[in-house]
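Results of the structural survey
Spelled out from the first residue to the last, the chains are:
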Amino acid sequence: MTKLRDKVVAVTGAGSGIGRALAQRLAALGAHLALSDIDEGTLRETAGSISGVNVSIHAVDVRSRDAVERYAAEARAKHGGVDVIVNNAGRTVYGSLDEVSYEDFAMVLDINMWGVVYGTRAFLPLLRERPEGHVVNISSINAMVPFAKNGPYNMSKYAVLGFSETLGLELRGQPIRVTCVHPGGIQTNIVNNAKNMTKEQATAFGRVAKTTAPAAAIAIARAIEKNKRQVFIGIDAKTMALCKRIAPHTTLQATAKFMETFGPK
Ligand SMILES: NC(=O)c1ccc[n+]([C@@H]2O[C@H](COP(=O)([O-])OP(=O)(O)OC[C@H]3O[C@@H](n4cnc5c(N)ncnc54)[C@H](O)[C@@H]3O)[C@@H](O)[C@H]2O)c1
C-alpha cells in the first residue's frame with residue numbers, strides 16, 4: 001500500500017498500547033478508522049484522542065467469529081469499504097506449560113491465533129473490493145525466541161507467523177499484501193493484562209521493555225506503506241532475530257538466562 005491517506009483501516013485491540021498508538025499514527029497520516037476492542041471504555045478514549053478523520057468504534061471480542069464478522073459488515077456500512085485490517089488484539093498468561101490451566105491456554109490461543117484467523121477471513125472479501133489491500137498481523141519476537149513460562153503466547157505467535165507467510169503465498173498475484181510484525185518489548189499494558197502475573201512480575205517484565213508504543217506505531221505504519229513482509233520492532237527484537245538465525249540454541253539459552261536475571265521471578 002503506497003499511501004495510507006484516505007484509506008480505511010480496521011484495528012483490533014485499539015483500546016490500549018500498540019493498537020491505540022497505531023490508531024493515532026494512522027489518523028495523523030490521514031487514514032480513516034474502524035476501531036475495535038473488547039473494552040468499550042478504553043476504545044472510546046482512543047477515539048476521543050483522534051480528530052480530523054472519520055472514526056467508528058465497535059465493541060468486539062475477537063474470540064467470537066460472529067462478532068468479528070459483524071465488525072467487518074459494520075465497518076463496510078459505516079465507511080463504504082475497508083483497505084487494511086490490523087489484527088492486533090492480544091493477551092498472555094504467565095506459567096509453565098504443565099501448570100497453565102487448559103482454559104487459560106485456550107483463552108490465549110483463541111485471542112492471539114483464532115482472532116487473527118477470524119479477522120483476516122472476515123475482512124479479506126472487503127479488501128478484495130478495493131484496488132489494493134493489506135493484512136497486518138501482530139506476532140512477536142516470541143515467534144523466533146520464546147520466553148519460558150509464556151508457552152501458550154509463544155505458540156500463538158509462531159502460529160501467526162505461519163498463517164501470515166501462508167497467506168502471503170496464497171495472495172500472490174493479487175493486489176493484497178501481508179505484513180507480519182514482530183515487536184520486542186514495548187511499553188504497554190500487556191503485562192498488567194497478563195493472566196496469573198503478580199504486580200512484581202509485571203513490573204520486572206515491564207523493565208525489559210524499551211520501545212514506546214508510538215515508536216512501534218510509526219514502524220508499523222511505515223511497514224504498511226513500504227509493503228514489508230516482515231518487520232522487527234526495537235533493537236531487542238532485531239538483535240534476537242539475527243542471533244537466532246546465526247546460533248539458534250545459544251540464543252534461546254542466553255535469552256532464558258537474561259530473563260531469569262532481569263525478568264519476572
Ligand atoms: N507489549 C509488548 O511488549 C508486545 C511485544 C510483542 C507483541 N505484542 C503484541 O502486540 C499486540 C498489542 O498488545 P499491547 O502490547 O498493545 O497490549 P495491551 O494490553 O496494551 O493492548 C491489548 C489490547 O487488546 C485488547 N484485547 C484483549 N483481549 C481481547 C479480545 N478478546 N478481543 C478484543 N480485544 C481484546 C485489550 O482490551 C487491549 O486494549 C498483541 O498482539 C501483543 O501480543 C506486544
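All of these numbers come straight from a predicted model, not from anything done at the bench.

Definitions and cut-offs
- Residues numbered from 1 in each chain as written.
- Predicted model: local features only at pLDDT ≥ 70, side-chain atom pairs only at ≥ 80, totals over all residues.
- Heavy atoms only, no water.
- 1 Å grid on protein atoms, 1.4 Å probe; cavity = no way out; pocket = protein on both sides within 12 Å on 5 of 7 lines; lining within 4 Å.
- Points joined across faces, edges and corners; volume = space filled by probe spheres on them.
- Helix = DSSP H or I, 4+ residues; strand = E, 2+ residues; numbered from the N terminus.
- Nonpolar A, V, L, I, M, F, W, Y, C, P; charged D, E, K, R; others polar.
- Salt bridge = Lys/Arg side-chain N within 4 Å of Asp/Glu carboxyl O.
- Patch = residues over 30% accessible without salt bridge, like charges linked within 9 Å, V, L, I, M, F, W, Y side chains within 5 Å.
- Areas by Shrake-Rupley, 256 points an atom, 1.4 Å probe, with all protein chains shown as cover.
- Lys, Arg positive; Asp, Glu negative; His and termini not counted.
- Charge placed at Lys NZ, Arg CZ, Asp CG, Glu CD.
- Buried < 20%, exposed > 50% of the residue type's maximum accessible area, 1.4 Å probe, protein only.
- Polar contact = N/O pair within 3.5 Å; in protein donor to acceptor, adjacent residues only side chain to side chain.
- Near = heavy atom within 4 Å.
- Pairing = 2+ DSSP bridges.
- Axes fitted to C-alpha atoms, helices over the stretch in contact; angles between N-to-C directions.
- Contact = heavy atoms within 4.5 Å.

**Focus: empty space enclosed by the protein**
Within this structure, the stated rule accounts for one cavity of 30 Å³ or more. Counted as a void, the largest cavity has a volume near 30 Å³. Lining the largest cavity we find Thr12, Val62, Asn87, Asn88, Ala89, Ile111, Gly115 and Val116. Ranked by residue count, the leading element in the lining of the largest cavity is helix H4 (residues 102-127), at three residues. By residue class, the composition of the lining of the largest cavity is four nonpolar, four polar and no charged.

**Focus: the pattern of salt bridges**
Summed over all chains, the structure comprises eight salt bridges. As a salt-bridge pair, arginine 20 and glutamate 45 come within 3.2 Å of each other at their nearest N and O atoms. Linking arginine 20 in helix H1 (residues 17-28) with glutamate 45 in helix H2 (residues 40-48), this pair joins segments that are 25 residues apart in sequence. Two residues, aspartate 61 and arginine 63, come together in a salt bridge whose shortest N-O distance is 2.8 Å.

**Remarks on a positive patch on the surface**
A cluster of basic residues, Lys3, Arg222, Lys226, Lys228 and Lys238, forms a positive patch on the protein surface. Structurally, lysine 228 is set in the loop between helix H7 (213-225) and strand S9 (230-233).

**Quick look at the environment of glutamine 187**
Relative to the assigned elements, glutamine 187 resides in strand S7 (residues 186-187). You can call glutamine 187 partly exposed: its relative accessible area is 42%. Remark: the alpha-carbon pair of glutamine 187 and alanine 216, spanning 29 residues in sequence, is separated by 9.6 Å. One polar contact links the side chain of glutamine 187 to the main-chain carbonyl oxygen of alanine 209, over a distance of 3.2 Å.

**Observations regarding the site of the ligand**
The environment of the ligand is formed by 28 residues, the closest being Ser16, Asp37, Asn88, Tyr153 and Thr188. Side-chain polar atom of aspartate 37 to an oxygen atom of the ligand: 2.6 Å apart, as the coordinates give it. Considered on its own, the ligand offers 830 Å² of accessible surface; in the complex 94% of this is hidden by protein. The set of elements that each furnish at least two residues to the shell around the ligand consists of H1 and helix H5 (151-170).

**Topic: the sheet that holds strand S5 (residues 133-138)**
Two modes of strand pairing occur in sheets, parallel and antiparallel, and in both the strands are linked by backbone hydrogen bonds. In spatial order, the strands read S3-S2-S1-S4-S5-S6-S9; together these seven strands make up an open sheet with parallel pairing. The sheet terminates laterally at strand S3 (55-59) and S9, the two strands that pair on one side only. The average undirected angle you get between the axes of adjacent strands in this sheet is 15°. Seen against the sheet, H4 touches strand S1 (8-11), strand S4 (84-87), S5 and strand S6 (176-183) and runs at an angle of roughly 180° to S4.

**Things to note about the environment of glycine 80**
Along the chain, glycine 80 turns up in the loop between helix H3 (65-79) and S4. For glycine 80, a relative accessible area of 55% corresponds to the exposed category. Along the primary structure glycine 80 and leucine 126 are separated by 46 residues, whereas in three dimensions their C-alpha atoms are 9.6 Å apart. For glycine 80, the residues in contact, after removing those within four places along its chain, are Ala75 and Arg130.

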